Amino acid sequence: MTKLRTRITDLLDRRNIPYHVLPHSEPVYTVESAAQQRGALVEEMVKSILLRDKKRRYVMACIPGNARLDPKAVRSHLPEGWKRLSFASSAEVLAVTGCVQGAVAPLGLPADIPVIFDQAIAGLNHVNISSGDPMAGLELDTGDLIAISGAQLAPISEPQSSD
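Since we're looking at a predicted model, the values are computed, not measured. (Residues numbered from 1 in each chain as written. Predicted model: local features only at pLDDT ≥ 70, side-chain atom pairs only at ≥ 80, totals over all residues. Heavy atoms only, no water.)

Caption draft 1: Structural view of the environment of Lys47. Relative to the helices and strands, Lys47 is located in strand β2 (residues 46-52). Exposure remark for Lys47: the relative accessible area of 21% places this residue in the partly exposed category. Sequence separation of Lys47 and Leu138 is 91 residues, and the distance between their C-alpha atoms is 13 Å. Excluding anything up to four places from it in sequence, Lys47 contacts Val31, Ala61, Cys62, Ile63, Pro64, Gly65 and Ala67. In terms of polar contacts, Lys47 uses its side chain to reach the backbone carbonyl oxygen of Ala67, at 2.7 Å. (Helix = DSSP H or I, 4+ residues; strand = E, 2+ residues; numbered from the N terminus. Buried < 20%, exposed > 50% of the residue type's maximum accessible area, 1.4 Å probe, protein only. Contact = heavy atoms within 4.5 Å. Polar contact = N/O pair within 3.5 Å; in protein donor to acceptor, adjacent residues only side chain to side chain.)

Caption draft 2: Structural view of the pairing of strand β8 (residues 136-141). The pairing of strand β1 (residues 20-23) with β8 spans four bridges and is classified as antiparallel. Within β8, the position partnered with Leu22 by the bridge is Gly137. Taken together, the five bridges between strand β7 (residues 126-130) and β8 define a ladder with antiparallel strand orientation. Looking at the pairing, Asn128 lines up with Glu139 of β8. (Pairing = 2+ DSSP bridges.)

Caption draft 3: Highlighting the pattern of salt bridges. Applying the stated criterion across every chain, the model contains six salt bridges. Where Arg57 meets Asp53, a salt bridge forms, and the shortest distance between an N and an O atom there is 2.6 Å. A relative accessible area of 1% places Asp53 in the buried class. Among the ionic pairs, Glu92 bridges to Arg56, the shortest N-O distance being 2.8 Å. A residue pair is termed long-range when its members are at least 10 positions apart, and Glu92 in helix α4 (residues 90-97) and Arg56 in the loop between β2 and β3 (58-64) qualify at 36 residues. (Salt bridge = Lys/Arg side-chain N within 4 Å of Asp/Glu carboxyl O.)

As structure tokens, this is what we get:
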């Protein structure tokens, strides 16, 4: 098998950040199918969700794979003036991140895009992120991911139901 090379792996390689490539047997576009293919726990998966406001400014919000995003909580951790966040379209995701929806990582983004991680991510020893290619994911140390992404930590997921 040839070595996976994407913008994401190139960035990690340039920064000498260790990671493991977790190949898929078929393309995956959901957290559940990615976790299953990688043999990972859903809660160790990082969902990278691109949001935009009314002025078409973008923010990357990341939550554990078993959580739901609270866009109002994300907005409350942005500077003054951000209004009503909504999910970016597939075309916007590709244009802004260079990755197709479902294969987005919180790395290598334009400098003007804030990155906010749910604080629960910081409690994990390692995490799984998308590689930028729907045929593989990456596992790396949580501290390395937080540092290289420049993420702010904040409570941005909705409380889990216990049903």
